[in-house]
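Below are the chains, spelled out letter by letter.
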Amino acid sequence: MPGRAAPHTVRPAGGMLGRVEGPGITIALAPELRQFAAPARRGGRVPVVTDGAATLGHVVESFGVPLTEVGRLLVNGREVPVSYVARAGDAVDVLPVAFPQRVPGAPLRFLLDVHLGTLARRLRLLGVDTAWTTPDPGDAALAAWSAAERRVLLSRDLGLLRRRELWAGAHVGSTHPDEQVREVLDRFAPPLAPWTRCTACNGELREADKDAVSDRLEGGTSRSYDVFAECPDCGRVYWRGAHHARLERVVDEALRYVSGGSPRPADPGV
Ligand SMILES: [Zn+2]
């Protein structure tokens, strides 16, 4: 329901004599998106004067909100594309992406910027296809990589997320790896296959014969463990039972989280 028409909100030029101003509109950011806007623009419905030619996508970006975080744009209650050019009196609502977010056009896979190395290793540990490299290839190369391989770029860098070449992107809010993993699981619900990927290079592990890899094992390892896997891309050898407790914890927590088994208050006795 669009409700009553918004009153004309074109502000007089005031002290801006000589400057041509376009239509006045109002923009309301969903609570999830307000973190990206300047404090003065976070609350409720904010009046804006556009230049009459800018797309709504540009206007939203000028608020500081990367379009990767925007799900739907409503004008007077009706959905419009980011290419929509606002008209006087438009009341715009900017809604966040719906979870879990579907990214059509390619299997779900990610590309992480250089600052998210820990998250990259953890996603690989969970079997999620995750490209990451260091040293930093630079914003232009990352954006081109995202486009070439149709990977969802994950970053905390808003400037990087605004690059036009990106195939898809998502902002990572937390600086803590545990929370970052949960953010990715919440937002994209990627299928998990722990212990199937090389944490060093993202290669898909394959079973390996002990004899074939024995020259890459230390003596104790060779005697103690029987099930081996190797990365065909970098040659690293993995064996069951020798994972660090820390990695086991990452896997256990992720599996419990996606199964809804995270700690909850005990049921009251019935
Ligand atoms: Zn590898």
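About the cut-offs
Residues numbered from 1 in each chain as written. Predicted model: local features only at pLDDT ≥ 70, side-chain atom pairs only at ≥ 80, totals over all residues. Pairing = 2+ DSSP bridges. Helix = DSSP H or I, 4+ residues; strand = E, 2+ residues; numbered from the N terminus. Core = buried A, V, L, I, M, F, W, Y, C linked by C-beta atoms within 7 Å. Buried ≥ 20, exposed ≤ 12 C-beta atoms within 10 Å, placed from the backbone. Contact = placed C-beta atoms within 7 Å. Axes fitted to C-alpha atoms, helices over the stretch in contact; angles between N-to-C directions. Parallel < 35°, antiparallel > 145°, perpendicular 65-115°, else oblique. Left-handed = near helix turned anticlockwise from the far one by under 90°. Nonpolar A, V, L, I, M, F, W, Y, C, P; charged D, E, K, R; others polar. pLDDT = per-residue confidence, 0-100.

1. Thoughts on the sheet that holds strand β7 (residues 130–131)
Reasoning step 1: A sheet is described by the order of its strands in space; here four strands give the open sequence β7-β6-β8-β9, paired in parallel fashion. In the strand order of this sheet, the two ends are held by β7 and β9 (168–171), each with one partner.
Reasoning step 2: Sheet topology note: the strand β6 (residues 110–112)/strand β8 (residues 152–155) ladder contains three bridges and is parallel. Opposite L111, over in β8, you have L153 as the bridge partner.

2. Quick word on the nonpolar core
Within soluble globular proteins, side chains that are nonpolar tend to cluster in buried spots.
Reasoning step 1: Ranked by size, the top nonpolar core spans 27 residues in total, and within it F110, L112, L116, L123 and L154 carry the most contacts.
Reasoning step 2: Sort the elements by how many residues they give to this core and helix α2 (residues 117–125) lands first, with four residues.
Reasoning step 3: If sequence neighbours within four positions are ignored, L123 has contacts with F110, V128, T130 and V184.

3. Here we look at the packing of α2 against helix α5 (residues 177–188)
Reasoning step 1: Two numbers describe how α2 lies on α5: the axes approach to 9 Å, and their chain directions differ by 55°. When the interaxial angle is binned, α2 and α5 end up oblique. Crossing hand, α2 versus α5: right-handed. Contacts from T118, L119, R122 and L123 of α2 reach α5 at P177, Q180, V181 and V184.
Reasoning step 2: Looking at the contact of α2 with α5, its residues break down into five nonpolar, two polar and one charged.

4. Brief notes about the confidence of the model for the protein chain
Reasoning step 1: Confidence along the protein chain averages 87 in pLDDT terms, with 84% of residues attaining 70 or more.
Reasoning step 2: Long-range and interchain partners of residues 1–18, a stretch whose pLDDT sits below 50, account for 24 contacts in this model, where long-range means more than four residues apart.
Reasoning step 3: Note on residues 263–270: pLDDT is under 50 here. Beyond four places in sequence and across chains, it has zero contacts.

5. Thoughts on the sheet that holds strand β12 (residues 237–239)
Reasoning step 1: Strand order in the open sheet made by the three strands is β10-β11-β12, with antiparallel pairing throughout. Every other strand in the sheet has two partners, leaving β10 (206–208) and β12 as the edge strands with one partner each. Between one strand and the next, the sheet's axes are offset by a mean angle of 40°, whatever the strand orientation.
Reasoning step 2: Relative to strand β11 (residues 228–230), β10 runs antiparallel, the two sharing three bridges.

6. Side note on the packing of α5 against helix α8 (residues 245–258)
Reasoning step 1: Running from N to C, α5 and α8 cross one another at 35°; their axes reach a closest spacing of 11 Å. You can see that α5 and α8 cross each other, and the crossing is right-handed. Every residue of α8 that contacts α5 at V181, R182 and L185 is listed here: A254, Y257 and V258.
Reasoning step 2: Class assignment for the residues of the contact of α5 with α8 results in five nonpolar, no polar and one charged.

7. Brief notes about the pairing of strand β1 (residues 24–29)
Sheet faces and side chains relate simply in a regular strand, where the side chains alternate between the two faces.
Reasoning step 1: In the sheet, β1 pairs with strand β2 (residues 45–49) via five bridges, with the strands oriented antiparallel. Paired with T26 across the strands is P47, a residue of β2.
Reasoning step 2: One ladder, built from four bridges, connects β1 with strand β5 (residues 91–96); its direction is parallel. Across the sheet, L29 pairs through a bridge with V94, a residue of β5.

8. Some points on α2
Reasoning step 1: Counting buried residues along α2, seven of its nine residues qualify, which places the element largely inside the surrounding structure.
Reasoning step 2: Buried within α2 are the following residues: L119, A120, R121, R122, L123, R124 and L125.
Reasoning step 3: The inward-facing, buried residues of α2 contact β6, β7, α5 and α8.

9. What about the pairing of β5?
Reasoning step 1: The pairing of strand β3 (residues 70–75) with β5 spans five bridges and is antiparallel. When the sheet's bridge partners are listed, R72 is paired in β5 with L95.

10. Focus on the environment of T175
Reasoning step 1: In this fold, T175 is placed in the loop between β9 and α5.
Reasoning step 2: Owing to 9 C-beta atoms within 10 Å, T175 belongs among the exposed residues under this scheme.
Reasoning step 3: Linking T175 and L119, residues 56 residues apart in sequence, is a C-alpha distance of 9.9 Å.

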